[in-house]
Amino acid sequence: MSEILPFLGSGLIIFGAFLLAIAMTLVWKIIGLLPKGRLQHSWFFLLLLILFFVISYCLYAKYSYVNISVTADIVVPIIFFLGAIFVYIVCNLSLKTTRDIMQIYILKQENNTDPLTGIFNRRYLDNYLNKETTKAQSFTLPLSVCLIDIDHFKNINDNYGHPVGDLVLKSIAKNIKESLRDSDVLTSYGGEEFVVVLPGTRVSTSYKLAERLRKNIESLQVAIPGKSGQNELTVKVTISIGVTELSIECKDYMCLIKNADTALYRAKNNGRNQVFIC
């Protein structure tokens, strides 16, 4: 029996080190799924810690083979082996949980994102604007909304085709998004309309932003690629914008959209390529 004990102790430790090595691959997969940041760094630290234990297990296996002579000496290798099983199970469950969470996140993003432009959709706007309106009223904070419409967009589809119209939509959405602050939210409102929600912003400031957006789009030239891969022509467009603010008379998000739509109608009725406040 005493002759078998060293083999048994070393075998348990080596197999435990093997399980820890597998756990390292699981942790590496978790790191690959996570976005860059503090959480990813924490898992990387755990990866290094497991590597330290793998090396320690291997060194102890050599030690145990020489020093295990009685039954009591096998207790430590058994504990080490059970510890390795525990780490493996935890890492395996963590990987499955991370995959499930990422899948839920992706589905949620797809559910709230316009597939063409990549910005938030109408469903997200309704929920977000409702929450921001309640928050603004509770803490007496300003809240503004800009409703944007592409002027004569139907003519673009009729003259150049819907693929060109889609390209124009994507270009305008990209241009607007890059001009906003991190706290501002851009959403699709349907067709050729967009909504910009500006938390903590008075209508006077929102008007200045809307004017800047209007001028940016006015100077924007959307390149239309030809069959050879080279740009055959460029399309220029303008936008009309209606701006409004949460007030005593306008207390809910539906009123905000209604007032922004009224202001937008005035801008379009007045000749388009303008910003109006309601």
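Cut-offs and rules
Residues numbered from 1 in each chain as written. Predicted model: local features only at pLDDT ≥ 70, side-chain atom pairs only at ≥ 80, totals over all residues. Heavy atoms only, no water. Patch = residues over 30% accessible without salt bridge, like charges linked within 9 Å, V, L, I, M, F, W, Y side chains within 5 Å. Areas by Shrake-Rupley, 256 points an atom, 1.4 Å probe, with all protein chains shown as cover. Salt bridge = Lys/Arg side-chain N within 4 Å of Asp/Glu carboxyl O. Helix = DSSP H or I, 4+ residues; strand = E, 2+ residues; numbered from the N terminus. Phe/Tyr/Trp six-rings, centres within 6.5 Å; stacked < 30°, edge-to-face > 60°. Buried < 20%, exposed > 50% of the residue type's maximum accessible area, 1.4 Å probe, protein only. Pairing = 2+ DSSP bridges.

(A) Broad picture of a nonpolar patch on the surface. Taken together, the side chains of W28, F44, L48, L51, I55 and L59 make up a nonpolar region of the molecular surface, amounting to roughly 610 Å² of accessible area. Secondary-structure assignment places W28 in helix α1 (residues 4-33).

(B) Quick peek at the packing of aromatic side chains. Enumeration according to the criterion identifies six aromatic pairs in this entry. On the basis of an interplanar angle of 70° and a centroid distance of 5.8 Å, the ring pair of F52 and F53 is categorised as edge-to-face. For F52, a relative accessible area of 52% gives the class exposed. By relative accessible area, which is 39% here, F53 ends up partly exposed. When the ring of Y124 is compared with that of Y128, the centres are 5.7 Å apart and the planes differ by 10°; the resulting orientation is stacked. With Y124 and Y128 both in helix α4 (residues 122-138), this residue pair falls four residues apart, about one helical turn.

(C) Structural context of the pairing of strand β1 (residues 143-150). Burial analysis of β1 places eight of its eight residues in the buried class, the great majority of the element. Where burial is concerned, the two faces of β1 agree: the one with L143, V145, L147 and D149 and the one with S144, C146, I148 and I150 are both buried. When β1 meets strand β3 (residues 193-199), the two strands line up antiparallel, connected through seven bridges. For L147, the partnering residue across the bridge sits in β3 and is V195. The sheet contact formed by β1 and strand β6 (residues 239-245) spans seven bridges and is antiparallel. Note on β6: the bridge partner recorded for I150 is I239.

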